[in-house]
Amino acid sequence: MRTIVALATAFLLSASAAFANEALVKVELNKLETDGANCQSYLVVENGTADPFDKLVLDLVMFDADGIIARRLAVDIAPIDAGKLSVKVFAIQSLACEAIGRILVNGVLGCEIAGASKEGCLDLVQTGSRASVELIN
């Protein structure tokens, strides 16, 4: 009987942990691509929440290979429907992709969920990268 209770408890804990991980907005740096003097950035965004984002403005800071700030940029990755996977593309003006060592999601400058302005949205953002450049928060 103890084994069954222990297994049931472990299952419920792992299920709730998995659910907690799903209720995030996952932002993945998928690739960087040179476009003349600019660097084209491709983000894969997955809204794991039950609510649509009407606005989600990320404060991005690009560092060079030596850790020196190369550029700062505000990017609105919304709209993002609830439970939706989407791709957002934006240009990093006058900065070569090769000059970027890593990108920091420094904060969220604006956030509207289901038509209402919200605070604390940075806690909902989970970062990752498939590119050679790390995306962190």
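The structure this text deals with has already been given above.
Here the structure is a predicted model, which is why all the values come from computation and not from measurement.

Caption draft 1: A look at the state of the cysteines. On inspection of all chains with the given rule, the structure shows 2 disulfides. In this model, Cys-39 is linked to Cys-97 through a disulfide, with the two sulfur atoms separated by 2.1 Å. Torsion about the S-S bond of the Cys-39 and Cys-97 cystine: about 105°, corresponding to right-handed handedness. Highlighted residues: Cys-39 in strand β2 (residues 38-47) and Cys-97 in the loop between β5 (85-92) and β6 (102-113), separated in sequence by 58 residues. The buried category is assigned to Cys-39, whose relative accessible area is 0%.

Caption draft 2: Structural context of the sheet that holds β5. The mixed open sheet is built from 4 strands, whose spatial order is β5-β2-β1-β8. Looking along the sheet, the strands with just one partner apiece sit at the ends: β5 and β8 (125-129). On average, each strand axis in the sheet is inclined to that of its neighbour by 25°, with strand direction left out of account. Where strand β1 (residues 25-35) meets β8, 5 bridges bridge the pair, whose relative direction is parallel. Within the sheet, the bridge partner assigned to Val-25 lies in β8 and is Val-125.

Caption draft 3: Just the pairing of β1, in detail. Bridge count for β1 against β2 is 10 bridges, and the pairing is antiparallel. What sits directly across from Lys-31, in β2, is Tyr-42.

Caption draft 4: Layout of the environment of Gly-120. Along the polypeptide, Gly-120 turns up in the loop between β7 (116-117) and β8. Residues Gly-120 and Val-108, spaced 12 residues apart in sequence, show a C-alpha to C-alpha distance of 8.1 Å.

Caption draft 5: Summary view of unusual backbone geometry. The linkage connecting Ala-78 with the following residue, Pro-79, adopts the cis geometry, with an omega of 5°. Phi at Ala-114 takes a positive value of approximately 50°, unusual for a residue other than glycine. Along the polypeptide, Ala-114 turns up in the loop between β6 and β7.

Caption draft 6: Focus on the pattern of salt bridges. Under the defined criterion, the tally for this structure stands at 3 salt bridges. The closest approach of N and O atoms between Glu-28 and Arg-130, which form a salt bridge, is 2.8 Å. With a gap of 102 residues between them, Glu-28 in strand β1 and Arg-130 in the loop between β8 and β9 (134-136) connect regions that are remote in the sequence. The partner of Asp-59 in a salt bridge is Arg-72, and the shortest N-O contact between them spans 2.6 Å. Residue Asp-59 is located in strand β3 (residues 53-63), and its partner Arg-72 is located in strand β4 (residues 69-76); the two are separated by 13 residues in the primary sequence. Judged by relative accessible area, Asp-59 falls into the buried class, the value being 4%.

Caption draft 7: Representation of the nonpolar core within the structure. In terms of nonpolar packing, the biggest core is built from 28 residues, with Leu-56 and Ile-77 touching the most fellow members. Where this core is concerned, the elements lending two or more residues are β1, β2, β3, β5 and β6.

Caption draft 8: Broad picture of the packing of aromatic side chains. Throughout the structure, instances matching the rule amount to 0 aromatic pairs. The aromatic ring of Tyr-42 is capped on one face by Lys-31, whose charged end is 4.9 Å from the ring centroid. One cation-aromatic arrangement involves Arg-102 over Phe-63; the distance from NZ or CZ to the ring centre is 5.0 Å.

Quick notes on the rules
Residues numbered from 1 in each chain as written. Predicted model: local features only at pLDDT ≥ 70, side-chain atom pairs only at ≥ 80, totals over all residues. Heavy atoms only, no water. Disulfide = S-S within 2.5 Å. Helix = DSSP H or I, 4+ residues; strand = E, 2+ residues; numbered from the N terminus. Buried < 20%, exposed > 50% of the residue type's maximum accessible area, 1.4 Å probe, protein only. Pairing = 2+ DSSP bridges. Axes fitted to C-alpha atoms, helices over the stretch in contact; angles between N-to-C directions. Salt bridge = Lys/Arg side-chain N within 4 Å of Asp/Glu carboxyl O. Core = buried A, V, L, I, M, F, W, Y, C linked by side-chain atoms within 4.5 Å. Phe/Tyr/Trp six-rings, centres within 6.5 Å; stacked < 30°, edge-to-face > 60°. Lys NZ or Arg CZ within 6 Å of the ring centre and 35° of its normal.

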